[in-house]
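The residues making up each chain are set out below.
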Amino acid sequence: MTDRLPLSVFIIARDEADRIARPIESVIGWVDEVIVIDSGSTDETVAVAEQLGARVIRNDWPGYGPQKRFGEDQCRNDWLLNLDADEEVTPGLTAEIKAKFADGSYADADGWRIMIRDLYAHETDPAPWAYGYHQIRLYDRRKGRFSASTVHDTVRPEEGARISNLSGIMAHRSIRSLDFQVGKYNRYSGMQVDDMLARGRKLPKSRLLTEFPVSFFKAYFVRKYRKYGWWGFIMAMNYAHARFLRVAKAYEAELLDRTKTD
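Residues numbered from 1 in each chain as written. Predicted model: local features only at pLDDT ≥ 70, side-chain atom pairs only at ≥ 80, totals over all residues. Heavy atoms only, no water.

As recorded by an unreviewed UniProt entry, the protein chain carries the name Putative glucosyl-3-phosphoglycerate synthase and is attributed to Roseibium aggregatum. The UniProt entry for the protein chain carries the following comment under Sequence similarities (unreviewed entry): "Belongs to the glycosyltransferase 2 family. WaaE/KdtX subfamily." (UniProt positions renumbered as here; feature names shortened; annotations may be inferred.)

As structure tokens, this is what we get:
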């Protein structure tokens, strides 16, 4: 007999030695298996993951969606729980998932959305007002898979799949430091522009004027960053700059393309 749930957890990672322990430790004792898909870490990510009992599989980086689809294929169970290397399952969410598998109610849906809330380095728990978003993370891979997009990593349920919400939350430690955050959104904005160009999408140049102030308002007031005080002001400024940078890079690409055709 085992009290481990017939559930596979998979995590994509690269150079996450300082963070990979948290997601693994939050699930390793109660799920059937934990798999880390490593895309070429140069630090101790692999060693840390293996010491904690995870199975590590190397796969060169093909993009977010394809890497997560690769992870799905490595799992021995059909029910999957996906975590990122900067996330962790909270005790409340753990208890909820265990209860659903104990009484069979996990099968009431084909996929379960989980609220993922921001947790900063100086915090121990997400604030009640922390920004969060729902994503399908606990799901039956026979009824839905991650998208093939290299930029967007979202589970796409099949037509007719039943989707419901869990009440527990997942903690999201996405920011190691301000230096890390700026580098991350700089890289990600470039990938977003490449994705838009591949799909033939163009952004109106008027957004060069509106993107920053509108995004700052959204972050500071709608996402309630103002409740963090000065730290919230910094986060709102960075969010607005990240959004502006995406528009600026799209315009830059348009100028370069125009030069090639002249």
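Considering the overall build of the protein chain
Scanning the protein chain for helices and strands turns up seven helices and ten strands. The C-alpha atoms of the protein chain give 20 Å as radius of gyration, which agrees with the globular expectation for 262 residues (18 Å, within 12%). Taken over the C-alpha atoms alone, the protein chain extends approximately 70 × 45 × 40 Å along its principal axes. The proportion of buried residues among the 262 residues of the protein chain is 49%. (Helix = DSSP H or I, 4+ residues; strand = E, 2+ residues; numbered from the N terminus. Rg over C-alpha atoms; globule rule 2.2 N^0.38 Å. Buried < 20%, exposed > 50% of the residue type's maximum accessible area, 1.4 Å probe, protein only.)

So, the domain arrangement of the protein chain
What the domain assignment reports for the protein chain is domain 1 (5-172) and domain 2 (178-259). Relative placement of domain 1 and domain 2: their C-alpha centres are 27 Å apart. Contact residues are listed per partner, giving 14 residues for domain 1 and 13 residues for domain 2. Of the roughly 1200 Å² buried between domain 1 and domain 2, counting both surfaces, carbon and sulfur atoms make up 59%. Contact with domain 2 buries surface across domain 1, with Tyr120, Trp129 and Val151 losing the most and accounting together for 50% of the total. (Domains from an automatic or database assignment. Contact = heavy atoms within 4.5 Å. Buried area = accessible area lost by both parts, 1.4 Å probe.)

Description of the pairing of strand β1 (residues 5-13)
With eight of nine residues buried, β1 is to be regarded as a mostly interior element. Sheet topology note: the β1/strand β2 (residues 31-38) ladder contains seven bridges and is parallel. In the sheet register, Ser8 faces β2, and the bridge partner there is Glu33. Inspection of the sheet shows β1 paired to strand β4 (residues 79-84) by five bridges, in the parallel sense. In the strand pairing of β4, Ser8 is matched with Leu80. (Pairing = 2+ DSSP bridges.)

Side note on the UniProt feature "domain: Glycosyltransferase 2-like" (unreviewed entry) in the protein chain
Sequence positions flagged by UniProt for "domain: Glycosyltransferase 2-like" (unreviewed entry) are, in local numbering, residues 8-126. Helix makes up 30% of residues 8-126 and strand makes up 29%, while its end C-alpha atoms are separated by 26 Å.

Some points on unusual backbone geometry
Of note, the phi angle at Asp15 is positive, near 50°, even though the residue is not glycine. On the secondary structure map, Asp15 appears in the loop between β1 and α1 (21-25). Note on Asp15: relative accessible area 26%, which makes it partly exposed. One non-glycine residue, Lys224, adopts positive backbone phi at about 65°. With respect to the element layout, Lys224 can be found in the loop between α6 (207-222) and α7 (230-261).

Quick word on the pattern of salt bridges
Proximity of charged atoms lets side chains of opposite charge pair with each other. Counting across every chain of the model gives 25 salt bridges. Its salt-bridge partner being Arg142, residue Asp78 comes within 3.4 Å of it at the nearest N-O pair. Placement of the pair is Asp78 in the loop between α3 (64-74) and β4 and Arg142 in the loop between β7 (132-140) and β8 (144-146), with a sequence separation of 64 residues. One salt bridge connects Glu211 with Arg243, and the closest N-O pair in it is separated by 3.5 Å. Here Glu211 is found in helix α6, whereas its partner Arg243 is found in helix α7, with 32 residues between them in sequence. Residues joined in a network through salt bridges with shared partners are Lys68, Asp84, Glu87, Arg137 and Asp153. (Salt bridge = Lys/Arg side-chain N within 4 Å of Asp/Glu carboxyl O.)

Describing the side chain of Gln192
Tracing the chain through its elements places Gln192 in helix α5 (residues 178-198). If sequence neighbours within four positions are ignored, Gln192 has contacts with Val151 and Arg246.

Remarks on the environment of Ser41
Residue placement: Ser41 occurs in the loop between β2 and α2 (45-51). For Ser41, a relative accessible area of 18% translates into the label buried. Residues Ser41 and Asp15, spaced 26 residues apart in sequence, show a C-alpha to C-alpha distance of 4.6 Å. Within the structure, Ser41 has its side chain in polar contact with the backbone nitrogen of Asp15 (distance 2.7 Å). Of note is the side chain of Ser41, whose polar atom sits 2.4 Å from the side chain of Asp38. (Polar contact = N/O pair within 3.5 Å; in protein donor to acceptor, adjacent residues only side chain to side chain.)

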